[in-house]
Amino acid sequence: MRAEDAGFSAALDDYAFRHPGEQETVALFRELLADTGDPFRRERLAGHFTASCWLVDRAGERVLLTHHRKLGMWLQLGGHADGEHDLVQVALREAEEESGLPGLRVIPDIFDLDRHWIPEHKGVPAHWHYDVRYVVHAGECEEFVVSPESLDLAWRGIDALAIDPAADTSLRRMAGKWRARRQDAR
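Anyway, here's the lowdown on the structure attached to this text. (Residues numbered from 1 in each chain as written. Predicted model: local features only at pLDDT ≥ 70, side-chain atom pairs only at ≥ 80, totals over all residues. Heavy atoms only, no water.)

So, on to the pairing of strand β2 (residues 62-68). Where β2 lies against strand β6 (residues 150-157), seven bridges are found, and the strand directions are antiparallel. The partner of Leu65 across the bridge, within β6, is Ala154. Strand direction decides the pairing type here: β2 and strand β3 (residues 74-80), joined by three bridges, are antiparallel. What sits directly across from His67, in β3, is Trp74. From the end of β2 to the start of β3, which pair antiparallel, there are five residues, and Gly72 there has a positive phi angle of about 65°. (Pairing = 2+ DSSP bridges. Helix = DSSP H or I, 4+ residues; strand = E, 2+ residues; numbered from the N terminus.)

This is the structure in structure tokens:
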């Protein structure tokens, strides 16, 4: 097992300990990690790892979301690993590329796991994304730049997002986790 994969396996152990109600989800990610094919490449159409970020402002009150060009939904920033096994770095890279924000700082602990179905698009068959999410903190500058991957970007209040019935289920879940983390810190 590669060193990055051993580190990822240990991070999954830590996540499972912190979120005992998500054991089934963790088991799916472990199964993919054990696959003999390269699950870090998008060409593995049975499913592959992606990484994304919960990009929060300096105060921790807002999260930066993308109006995703391909999916037409408001989601967190993120993307394909493209062969990179260090998903922490993938999340940071995607945050930088998709937001244009300088001075970002990533927290290496897994914040959330989400397996979701991606519909067929431009000849690429439908497939599973095994998305590993990390917290990324904005630096001094919070003036983003919309990349070609997005229709738009917007800072959204996390408290409002947590109870917004129109928001994606996984966004509401992450907002709930973030709010619980803030409560625990008080």
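What follows is about helix α2 (residues 23-33). Listed as buried for α2 are Val26, Phe29, Leu32 and Leu33. Summarising the axial view, the buried residues of α2 lie within an arc of 120°, below the 170-degree limit, and thus occupy one face. Turned more than 90 degrees away from the buried face of α2, the exposed residues are Glu24 and Glu31. (Buried < 20%, exposed > 50% of the residue type's maximum accessible area, 1.4 Å probe, protein only. Arc of directions from axis to C-beta.)

Our next topic: the nonpolar core. Buried together is how nonpolar side chains tend to be arranged in soluble globular proteins. Phe8, Phe49, Leu55, Leu87, Ile110 and Val132 are the most contacted members of the largest nonpolar core, which has 35 residues in total. Among the elements that make up this core, the one with the highest residue count is helix α3 (residues 87-99) (six residues). Not counting residues within four places of it along the chain, the set of residues in contact with Leu87 comprises Phe8, Phe40, Phe49, Thr50, Ala51, Ala81, Val132 and Tyr134. Core analysis: the second largest hydrophobic core is formed by 14 residues, Val63, Phe111, Ala167 and Leu171 among them. (Core = buried A, V, L, I, M, F, W, Y, C linked by side-chain atoms within 4.5 Å. Contact = heavy atoms within 4.5 Å.)

It is worth spelling out the state of the cysteines at this point. Counted by the stated rule, this structure contains zero disulfides. Note on Cys53: no disulfide assigned, nearest cysteine sulfur contributed by Cys141 at a separation of 16 Å. Overall, Cys53 belongs to the buried group, its relative accessible area being 0%. Note on Cys141: relative accessible area 30%, which makes it partly exposed. (Disulfide = S-S within 2.5 Å.)

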